[in-house]
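Examination of the molecular architecture
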Amino acid sequence: EPALYGRIAIAVTRRVPRLGVGECLLRSILLYRMLRAAGYLPSLVIGVSRDGGTLRSHGWIELADEPLCEPEDPRIRYQTTLRHEAEQSHYLTAL
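Notes on the structure in this doc start here.

Procedures and definitions
- Residues numbered from 1 in each chain as written.
- Predicted model: local features only at pLDDT ≥ 70, side-chain atom pairs only at ≥ 80, totals over all residues.
- Heavy atoms only, no water.
- Salt bridge = Lys/Arg side-chain N within 4 Å of Asp/Glu carboxyl O.
- Helix = DSSP H or I, 4+ residues; strand = E, 2+ residues; numbered from the N terminus.
- Core = buried A, V, L, I, M, F, W, Y, C linked by side-chain atoms within 4.5 Å.
- Buried < 20%, exposed > 50% of the residue type's maximum accessible area, 1.4 Å probe, protein only.
- Contact = heavy atoms within 4.5 Å.
- Pairing = 2+ DSSP bridges.
- Axes fitted to C-alpha atoms, helices over the stretch in contact; angles between N-to-C directions.

Some words on the pattern of salt bridges
Within the structure shown, the criterion is met by 8 salt bridges. The salt bridge involving R27 is made with E23; its shortest N-O contact spans 3.9 Å. Of this pair, R27 and E23 both sit in helix 2 (residues 23–37), 4 residues apart, which is roughly one turn of the helix. Here R27 makes a salt bridge to E70, at a shortest N to O gap of 3.9 Å. In this pair, R27 is assigned in helix 2 and E70 in the loop between strand 3 (66–68) and helix 3 (74–77), connecting sequence segments 43 residues apart. Members of the salt-bridge network, linked through shared partners, are R14, E23, R27 and E70.

Describing the nonpolar core
One finds A9, L31, Y32, M34, L35, L44, I61, L63, L68 and A86 forming the largest nonpolar core, which totals 10 residues. Of all the secondary structure elements, the ones that give two or more residues to this core are helix 2 and strand 2 (54–63). For this core, the element with the most residues is helix 2, which contributes 4 residues. Contacts of I61, omitting those with residues within four sequence positions, involve S28, L31, Y32, L35, P42, S43, L44, E66, P67 and L68.

A closer look at the side chain of R27
You can call R27 buried: its relative accessible area is 14%. In this structure, R27 is in contact with A9, I10, T13, H58, G59 and E70, ignoring residues within four places of it in sequence.

Points about the sheet that holds strand 1 (residues 43–51)
Read from one edge to the other, the open sheet built from 4 strands follows the order 3-2-1-4, with strand pairing classed as antiparallel. Whereas interior strands pair on both sides, the edge strands pair on one side only; in this sheet they are strand 3 and strand 4 (79–85). Neighbour to neighbour, the strand axes of the sheet diverge by 40 degrees on average, direction disregarded. Pairing of strand 1 with strand 4 involves 6 bridges; the strand directions are antiparallel. Note that in strand 4 the partner of I46 across the bridge is L82. Across the face of the sheet, helix 2 comes into contact with strand 1, strand 2, strand 3 and strand 4 while running at roughly 15 degrees to strand 2.

Read these as spatial facts, not as claims about activity.
Set out below in structure tokens:
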């Protein structure tokens, strides 16, 4: 179940050093990799918004064009600047 992978990614990224990278990006990369390994086709999305004079960014995962494991829809607040969509691999289709 994709939501279970999301809960695992949240738990792991809360406990690892960020090394100057935001928790949302680490969580999204981990969740993307776990979903791909399980045969899903997620999209890794990065968006930006302006809050006064401050530029803010956020990373999240979409599955079937819907955000996964987000408390609220990030597409409302953030404008998508990058989207990496998983492609069906030959390995996964052979299973």
